[in-house]
Amino acid sequence: MPEQWTVTLRIYRQKTNEPSRYDTFTLEVNPDEYILDAIERVWAFHDRSLCFRHACHHSTCGACGMRVNGVEKLTCITTIRSVARPNAVLTIEPLRNFPIISDLVVDMGELYRKMEAVEARAVLPITEAEIEKPPHQWKTEDSQYVRLSDCLECGLCISACPVAATSQPYLGPAPLAAAQDHRLDRRPDLLTLIDSEHGVWRCHSAFECTAVCPSFVDPGRRIMDLRKQTISAKIRHFFGK
Amino acid sequence: MNNQPAPQRLLSWFNPLGRNPGSWAFILNRLTGLGLTMYLFLHLMVLGRLAQGPEAYEEFLALTKSPLIKLGELLVIGAVIYHGLNGLRVVLTSFGLGVRRQVQMFYLSVLLALVGTAIFAFRMFAG
Ligand code: SF4
Ligand code: FES
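What counts and what doesn't
Residues numbered from 1 in each chain as written. Chains lettered and ligands numbered in written order. Predicted model: local features only at pLDDT ≥ 70, side-chain atom pairs only at ≥ 80, totals over all residues. Heavy atoms only, no water. Helix = DSSP H or I, 4+ residues; strand = E, 2+ residues; numbered from the N terminus. Rg over C-alpha atoms; globule rule 2.2 N^0.38 Å. Buried < 20%, exposed > 50% of the residue type's maximum accessible area, 1.4 Å probe, protein only. Contact = heavy atoms within 4.5 Å. Buried area = accessible area lost by both parts, 1.4 Å probe. Salt bridge = Lys/Arg side-chain N within 4 Å of Asp/Glu carboxyl O. Polar contact = N/O pair within 3.5 Å; in protein donor to acceptor, adjacent residues only side chain to side chain. Nonpolar A, V, L, I, M, F, W, Y, C, P; charged D, E, K, R; others polar. Near = heavy atom within 4 Å. Arc of directions from axis to C-beta. Domains from an automatic or database assignment.

A.B. asks: Which residues make up the overall build of chain B, and what values go with them?
C.D. replies: Within chain B, the regular secondary structure consists of four helices and zero strands. Counted from the first residue to the last, chain B has its helices and strands arranged as α-α-α-α. Here the C-alpha radius of gyration of chain B, 19 Å, is well above what a compact globule of 127 residues would show, namely 14 Å. By its C-alpha atoms, chain B is 55 × 40 × 25 Å across when sized along the principal axes. In chain B, which comprises 127 residues, the share counted as buried stands at 31%.

A.B. asks: Can you explain the interface of chain A and chain B? Please cite residues and give values.
C.D. replies: The interface is formed by 35 residues belonging to chain A together with 26 residues belonging to chain B. In this assembly, chain A packs against chain B so that about 2400 Å² is buried in total across both faces, 53% of it on carbon and sulfur atoms. Along the contact surface separating chain A from chain B lie two salt bridges. Counting every contact that joins chain A to chain B gives 13 residue pairs in polar contact (both at pLDDT 80 or more). Of all elements in the fold, only β4 (71–74), α5 (162–166), α8 (208–212) and α9 (219–238) of chain A reach the threshold of two or more residues within the side of chain A that touches chain B. Residue contributions to the side of chain A that touches chain B peak at five residues, all from α9 of chain A. For the side of chain A that touches chain B, the per-class residue count stands at 18 nonpolar, nine polar and eight charged.

A.B. asks: Outline the side chain of Ser 102 of chain A, listing residues and values.
C.D. replies: Relative to the assigned elements, Ser 102 of chain A resides in strand β6 (residues 100–102). Those residues in contact with Ser 102 of chain A, other than ones at most four positions away along the chain, are Gln 14, Lys 15 and Cys 51 of chain A.

A.B. asks: Summarise the environment of Ser 23 of chain B; cite the residues concerned and give the values.
C.D. replies: Tracing the backbone shows Ser 23 of chain B in helix α1 (residues 21–48). Ser 23 of chain B sits in the buried class, given a relative accessible area of 5%. Between the C-alpha atom of Ser 23 of chain B and that of Trp 13 of chain B, which follows or precedes it by ten residues, the distance is 8.5 Å. Not counting residues up to four positions away in its chain, the partners in contact with Ser 23 of chain B are Ala 206 and Glu 208 of chain A.

A.B. asks: Report on unusual backbone geometry, specifying residues and quantitative values.
C.D. replies: Residue and element names in this part refer to chain A. Not every positive phi belongs to a glycine, and Glu 153 is a case in point at roughly 55 degrees. Checked against the element boundaries, Glu 153 lands in the loop between β9 (146–148) and α4 (156–160). Its identity as a non-glycine residue notwithstanding, Arg 183 has a phi of 70 degrees, on the positive side. Mapped onto the secondary structure, Arg 183 falls in the loop between α6 (173–182) and α7 (191–194).

A.B. asks: With reference to specific residues and values, describe the site of ligand 1.
C.D. replies: Neighbouring ligand 1 are 13 residues, the closest being Cys 151, Leu 152, Cys 154, Cys 157 and Cys 213 of chain A. Residues belonging to the shell around ligand 1 are distributed by class as follows: ten nonpolar, two polar and one charged.

A.B. asks: I'd love a proper account of helix α1 (residues 35–45) of chain A, names of residues and values included.
C.D. replies: All names here are of chain A. Listed in full, the buried residues belonging to α1 are Ile 35, Leu 36, Ala 38, Ile 39 and Val 42. Take α1 and look down its axis: the buried residues cluster within an arc of 160 degrees, on one side only. Buried residues along α1 sit in contact with β1 (5–13), β2 (21–29), β3 (65–68), α2 (80–83) and β5 (89–93).

A.B. asks: Residue-level account of the domain arrangement of chain A, with values.
C.D. replies: All names here are of chain A. Domain assignment breaks chain A into domain 1 (5–106) and domain 2 (109–238). Each partner contributes residues to the interface: domain 1 has 16 residues there, and domain 2 has 15 residues. Contact between domain 1 and domain 2 buries roughly 1100 Å² in total, counting both sides, with carbon and sulfur atoms accounting for 61%. The three residues of domain 1 that bury the most area against domain 2 are Glu 72, Asn 97 and Phe 98, which together make up 48% of that side's buried surface. Remark: the boundary between domain 1 and domain 2 carries zero salt bridges.

Written out as structure tokens, the structure is:
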């Protein structure tokens, strides 16, 4: 018999032109289920008008990002046990810094547009992936193999970033991390955007992006590395190289 | 909830709930920055008193002996040390140095600011 907990989900609700409110639903759950399972159960058995996004259920599509008790989580891989105790109240809210479409669904269009602006790679040669081997250990023929980029475009980093809260045009952690992944020595054409007012220097080092990223992108570290790349590119540029 | 990014949401910068040490450093940096800017204005106003002759200035100096003002001075000292050290942390990490140690560097900055303030407090009150 699996362990049973009673938990209450306090879910943010908002439909177009209506004031927002929180609805509460008390459920019996197995604590090893995921937050998304509990939300789906609310939809299936309590309220069919609840809007939320999901697709893959295994941290690949990046659709199920929400705030759980104020902290950004990918709800399909966040167990109830990891964020709650028996009889707990879990507040579920949409991501911050994106316009709300309905309830827990936000419009992520701005993030996708910025990812396009830096031409973020969905796949990359395995020889260029940071977490594999150091560059000198690869053979030339290995570059035929590709891997998926780590970033799921889930938007958790944008929601957690204090600068993204107050500046709409700021490129933000995921797009800057995607630019770092290109390397400015390979893509000098990105320098103008990265070195612009809304680019890499806009970050104020709160490192929240790295804390919430569910996919080992470590955007905070990548932004800092991109600063180094930017300085090197400008020095090269200065000397006409 | 107005959920879009907007400059008027800057109060959200100061909300530490659910956030991590990196944000605490960011919040403290902003608070000490604002405090020090205010102090600078105050300081300039006080210096302006010099122009009103020695009596006015002496009168003010007497006021600075009050414990409340001394406490304020200690806050300024703590803020200067923290803001300076955190500035170094930000510069180092911006050059890619110690990024993975940024939390420890933050704790060290706070610790050194506390120790520094304590030394000054001892000299001010007991020395
Ligand atoms: S960098 Fe991480 S948190 Fe940000 S969108 Fe990509 S996977 Fe999500
Ligand atoms: S449902 Fe696809 S990442 Fe969570």
